[in-house]
Protein chains: 4
Amino acid sequence: MTSETRLRVRYAETDQMGVVYHANYLIWFEVGRVEHIRSMGLDYKSMEQLDGVGIAVVEATARYKSPARYDDEILIKTRIAQIRGSVLRFAYLIYRASDHTLLCEGSTTHVVVDRAMKKAALPARFAEAFRAHHIALTTD
Amino acid sequence: MTSETRLRVRYAETDQMGVVYHANYLIWFEVGRVEHIRSMGLDYKSMEQLDGVGIAVVEATARYKSPARYDDEILIKTRIAQIRGSVLRFAYLIYRASDHTLLCEGSTTHVVVDRAMKKAALPARFAEAFRAHHIALTTD
Amino acid sequence: MTSETRLRVRYAETDQMGVVYHANYLIWFEVGRVEHIRSMGLDYKSMEQLDGVGIAVVEATARYKSPARYDDEILIKTRIAQIRGSVLRFAYLIYRASDHTLLCEGSTTHVVVDRAMKKAALPARFAEAFRAHHIALTTD
Amino acid sequence: MTSETRLRVRYAETDQMGVVYHANYLIWFEVGRVEHIRSMGLDYKSMEQLDGVGIAVVEATARYKSPARYDDEILIKTRIAQIRGSVLRFAYLIYRASDHTLLCEGSTTHVVVDRAMKKAALPARFAEAFRAHHIALTTD
């Protein structure tokens, strides 16, 4: 119930310390999140387009363990850590793929919002899939 | 009829070559463009919100002369280079403020579009100000 | 002992939800941090250039309270929350300047590292200033 | 002699107009360039690490034809358009993969520089591969 996705570090993502600038991991979390939803047969894009709601980030945390470097292949492992009403939490582990070094662990907490950024309900097909996924996870 | 605005190079804008990553200059052009419009007593934000149109970029060019570095104070000089119907061109000169070294020169060409990204007319108050500005410029 | 700095939201910082993309707040934290160090009469750039050390981020947290929007003027309040050997923690409050709405609160924890990304000592002039600042803060 | 690489549009790459912010195409050009070099059996990372030189961007142009949108799969076609001493020019065509709509065409011109950002010679193994590639291209 953990999905995996890969990407390659872009030159634009490095900084003058010669490593990936730390804010980029939050963007990678988002890549992991979107692909995790896709791995359930769903599509975040359609949540915004068809259902008119999105999942706004209300909290993000990242602990940086080892630096990613330019051209590294990155492995992102994503799971849903919590579902409670309109609140969702995703957890991420980011590795360098070549040697499976843990680079970063983090989480993002989201609330479902409509186009006016007001709290809304998670569309049923997402709620069902997320809960099935989460129950499977917590009963492993 | 050329406006000036300043910003400071952010760590996030550097890359592992130890200089500002080149795509960031297009973001600085945008900073110059918005402040140039503000210097005319107008407000790009209101163009999108009140008039329901925006100026989509259809072409961008940049020639990089000397690298900007972390924490440099940057001076952006912006002018309107051309107005022709729904098409606008802005020109930019980007300097390091401390020694007035030219770092980059560039231009962006825009077309006025509505929310569906279809070509639209430039709202009258912008058209008048831009033309007045441009005539003043070309008759200097 | 809290410094304040301001910036204006760039178009590039927005996303299709019509608000600032959440990863950008970590970049704004960095703007606050650098200006906070400058407000003590020091200069982060010189720490890297003269002392050959930097402060790598080992943890970042952000809680998002209200969305920032394009062209908003942003007020960043920064303070040093903790100093313990080579470990530093900064805390941030980010407001919309126009109505002083709290948009985000967060913190970043850093470790001093040399050019090989190995733990190093904080240069004396920074250690003294940071401690003086922190003691003043905690005895307020 | 044209290489192809693919990526998916990230949420972070969109702006409040609901399309990809234009500066991101320059980052995608870089993705195309790096993968193009890799397709020749070479490795840009090693040019910086082993040869101590890099290819700094001296000019970039982009013409935007149609907007990319969130979650679109993007196809980048890259070729070397010119080699003249230490100067290289790459040309790019960017398509939406699903319907092969041309989104952007552009080019970047580079000069080989050493770590002090001074002009340098292209390392022999890159020069040979790039020339072989370019001759093949121009005699097609």
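Starting from 1, residues in each chain are numbered consecutively following that chain's sequence as written. To label them, take the chains in the order written and letter them from A, then take the ligands in the order written and number them from 1. Reporting in this predicted model follows two pLDDT cut-offs: at least 70 for local features of residues, and 80 or more for side-chain atom pairs to be given and counted; totals over whole chains, interfaces and linings ignore these cut-offs and use all residues. Excluded from the side-chain calculation are hydrogens and water; included are all heavy atoms of the structure.

As a further point, take the relation of the copies chain A and chain C. When the copies are overlaid, the least-squares fit takes in C-alpha atoms only where the residue has pLDDT of at least 70 in both copies. With an RMSD of 0.0 Å, the fit of chain A onto chain C corresponds to turning through 180° and sliding 0.0 Å along the axis. The transformation relating the two chain copies, once decomposed into turn and shift, fits a two-fold axis. It is Thr-61 of chain A whose C-alpha, among those of chain A, lies nearest the rotation axis, at 2.2 Å. Most of the interface of chain A is mirrored in chain C, where 100% of its interface residues are also at the interface. Throughout, a contact is declared for two residues whenever any of their heavy atoms are within 4.5 Å.

At the interface, 27 residues of chain B touch 27 residues of chain D. A quick way to say it: buried area is the sum, across both parts, of accessible area lost when two parts are put together, with a 1.4 Å probe. With both chains or domains summed, chain B and chain D bury close to 2,100 Å², and 62% of this area falls on carbon and sulfur atoms. Just to be clear on terms, a salt bridge is a Lys or Arg side-chain nitrogen sitting within 4 Å of an Asp or Glu carboxyl oxygen. Along the contact surface separating chain B from chain D lie zero salt bridges. Counted as a polar contact is a pair of N or O atoms within 3.5 Å, where, for protein atoms, one must be capable of donating a hydrogen and the other of accepting one, and residues adjacent in sequence contribute only when both atoms are in side chains. Linking chain B to chain D there are eight residue pairs in polar contact (both at pLDDT 80 or more). Every helix listed is a DSSP run of H or I at least four residues long, and every strand listed is a run of E at least two residues long, numbered separately from the N terminus. Within the residue set of the side of chain B that touches chain D, elements represented by two or more residues are helix H1 (24-39), helix H2 (44-50) and strand E2 (53-64) of chain B. Per-element tally for the side of chain B that touches chain D: the top contributor is E2 of chain B, with 11 residues. Tallied by class, residues from the side of chain B that touches chain D come to 17 nonpolar, four polar and six charged. Note on residue classes: Ala, Val, Leu, Ile, Met, Phe, Trp, Tyr, Cys and Pro are nonpolar, Asp, Glu, Lys and Arg are charged, and everything else, Gly too, is polar.

The next thing to look at is the nonpolar core. Definition used in this section: a nonpolar core is a set of buried Ala, Val, Leu, Ile, Met, Phe, Trp, Tyr and Cys residues joined via side-chain atoms within 4.5 Å. Relative accessibility under 20% of the residue-type maximum defines a buried residue, over 50% an exposed one, and the middle range a partly exposed one, all with a 1.4 Å probe and only protein chains included. Within the largest apolar cluster, 98 residues are counted, with the highest numbers of intra-cluster contacts made by Trp-28 of chain A together with Trp-28 of chain C. If you look at the next biggest cluster of nonpolar residues, it comprises 95 residues, including Ile-37 and Ala-68 of chain B together with Val-20 and Tyr-64 of chain D.

Turning to the relation of the copies chain B and chain D, a few remarks are in order. Each of the two chain copies goes to the other by way of a rotation about an axis and a shift along it. For the pair chain B and chain D, the relating rotation is 180°, the translation along its axis is 0.0 Å, and the fit reaches an RMSD of 0.0 Å. Residue by residue, 100% of the interface of chain B is reproduced at the interface of chain D, so both copies engage with the same surface.

Glancing now at the sheet that holds strand E4 (residues 87-96) of chain D. Neighbouring strands of a sheet are bound in pairs by backbone hydrogen bonds; such pairs are parallel or else antiparallel. Strand pairing is assigned whenever DSSP identifies at least 2 bridges connecting the two strands. Read from one edge to the other, the open sheet built from 10 strands follows the order E1(B)-E3(B)-E4(B)-E5(B)-E2(B)-E2(D)-E5(D)-E4(D)-E3(D)-E1(D), with strand pairing classed as antiparallel. A single partner strand is all that each edge strand has here, and the edge strands are strand E1 (3-8) of chain B together with strand E1 (3-8) of chain D. Across the sheet, the axes of successive neighbouring strands diverge by a mean angle of 25°, strand direction being ignored. As paired elements, strand E3 (residues 73-84) of chain B and strand E4 (residues 87-96) of chain B share 10 bridges and run antiparallel to each other. Its bridge partner lying in E4 of chain B, Ile-83 of chain B is registered against Leu-88 of chain B. Note on method: axes are straight lines fitted to C-alpha atoms, helices fitted across the in-contact stretch only, with angles between N-to-C directions ranging 0 to 180 degrees.

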